[in-house]
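Close look at the chain arrangement
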Amino acid sequence: TRPDITYAVCSLARFSQNPGCEHWQLVKNIIRYLSNTKDYGLFFCKNDRLLEEITSFGYCDAAFNDTEQGKSTTGYIVKLLDAYPISWRSKLTTMTALSSMEAELVALHSLAREVAWTRMVLGEISSLKLPPTTILCDNNPVVQLTRGPRVTEKNKHIRPKYFYVMDLARDKEVSVQKIGTDDQIADIFTKSLANPQFSLLRSSLCVHIE
């Protein structure tokens, strides 16, 4: 019920086998934050729109912020009616991306798999026809790549599995669209943010006081 601490928890979990004093201090910071926001959480209300339509939205982002291993952090979230979070993740990638476009494509691939599973579940519990899931990405080259893949010097080395989202787009399962960086909700799952932006994105996650 607290997606707002996902990035912090996942980042610290990497040091769980051999934590140092600085890591324990950060853990206490998380506990202090939870104590100060103990009345916050995910609160869903009845929405009659779900009886007429089931639309889903996905946000994905990536950030290169692991200087020790040269990895990037992938973050995504899936929401119903672009309001209610039902799935989210923050994870350090296992591969080393050679460009920001490749890192964003890996994040898009992770979200696409989650969206495919989500659509399968929604299809089983509802008789309504599911429209394409809108996926919002703030990297324009990645958005363009999903609409018409072209082999270039920057992408010819990328593994074919990361183009899985193009099959979903071709089959009209998803629709990948561009979103401004400031409006990218998944940003909260990939990096530490200053308080104003963090509070804004936390509200966008539906994390608030009941």
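Sequence order sets the numbering: in each chain, residues are counted from 1 along the sequence as written. In keeping with the model being predicted, local features are shown solely for residues with a pLDDT of at least 70 and side-chain atom pairs are shown and tallied solely at 80 or more, while totals for entire chains, interfaces and linings include all residues. As a rule here, side-chain values cover all heavy atoms of the structure and leave hydrogens and water aside.

Turning our attention to the pairing of strand β3 (residues 71-80). Counting buried residues in β3 gives ten out of ten residues, a clear majority hidden from the surface. For every residue, the accessible area obtained with a 1.4 Å probe (protein chains only) is divided by the maximum for its type, and the residue is called buried under 20%, exposed over 50%, and partly exposed between those limits. Here a strand is any run of E in DSSP of at least two residues, a helix any run of H or I of at least four, and the numbering for each starts at the N terminus. The two faces of β3 match: Lys71, Thr73, Gly75, Ile77 and Lys79 on one face and Ser72, Thr74, Tyr76, Val78 and Leu80 on the other face are all buried. At least two bridges found by DSSP between two strands is the condition for calling them paired. Examined bridge by bridge, β3 and strand β4 (residues 84-92) share eight bridges and lie antiparallel to one another. Of the residues in β4, the one forming a bridge with valine 78 is serine 87.

A cluster of like positive charges, contributed by Arg89, Lys91, Arg113 and Lys161, occupies part of the molecular surface. Inspection of the secondary structure assignment puts lysine 161 in the loop between α4 (140-147) and α5 (164-170). Of the residues examined, lysine 161 reaches a relative accessible area of 46% and is grouped as partly exposed. Residues qualify for a patch when their relative accessible area is over 30% and they have no salt bridge, like charges being joined within 9 Å and the nonpolar side chains of Val, Leu, Ile, Met, Phe, Trp and Tyr within 5 Å. In this description, accessible areas are obtained by the Shrake-Rupley approach with a 1.4 Å probe, and a residue is regarded as covered only by the protein chains that are shown. Salt bridges are defined by distance alone: a side-chain nitrogen of Lys or Arg within 4 Å of a carboxyl oxygen of Asp or Glu. All tallies of charge rest on Lys and Arg as positive and Asp and Glu as negative; His and the ends of each chain are not included. Working definition for charges: the position is that of NZ of Lys, CZ of Arg, CG of Asp or CD of Glu.

Although it is not a glycine, leucine 81 adopts a positive phi angle of roughly 55°. With respect to the helices and strands, leucine 81 occurs in the loop between β3 and β4. Overall, the relative accessible area of 7% leaves leucine 81 in the buried class. Phi at aspartate 82 takes a positive value of approximately 55°, unusual for a residue other than glycine. The exposure class assigned to aspartate 82 is partly exposed, which follows from its relative accessible area of 32%.

This paragraph deals with the packing of aromatic side chains. The aromatic pairing rule takes the rings of Phe, Tyr and Trp, using the six-membered ring of Trp, and pairs them if the centres are within 6.5 Å, calling planes under 30 degrees apart stacked, those over 60 edge-to-face and the rest tilted. This model, assessed by the stated rule, comprises two aromatic pairs. On the basis of an interplanar angle of 75° and a centroid distance of 5.9 Å, the ring pair of tyrosine 33 and phenylalanine 198 is categorised as edge-to-face. Here tyrosine 33, found in helix α2 (residues 21-36), pairs with phenylalanine 198, found in helix α6 (residues 195-204); they are 165 residues apart in sequence, far enough to count as distant. Judged by centre distance (5.2 Å) and plane angle (55°), the rings of phenylalanine 44 and tyrosine 84 are tilted. Remark: tyrosine 84 occurs in strand β4 and phenylalanine 44 occurs in the loop between β1 (40-42) and β2 (56-66); sequence separation between them is 40 residues. Look at tyrosine 84 and you get buried, because its relative accessible area is 10%.

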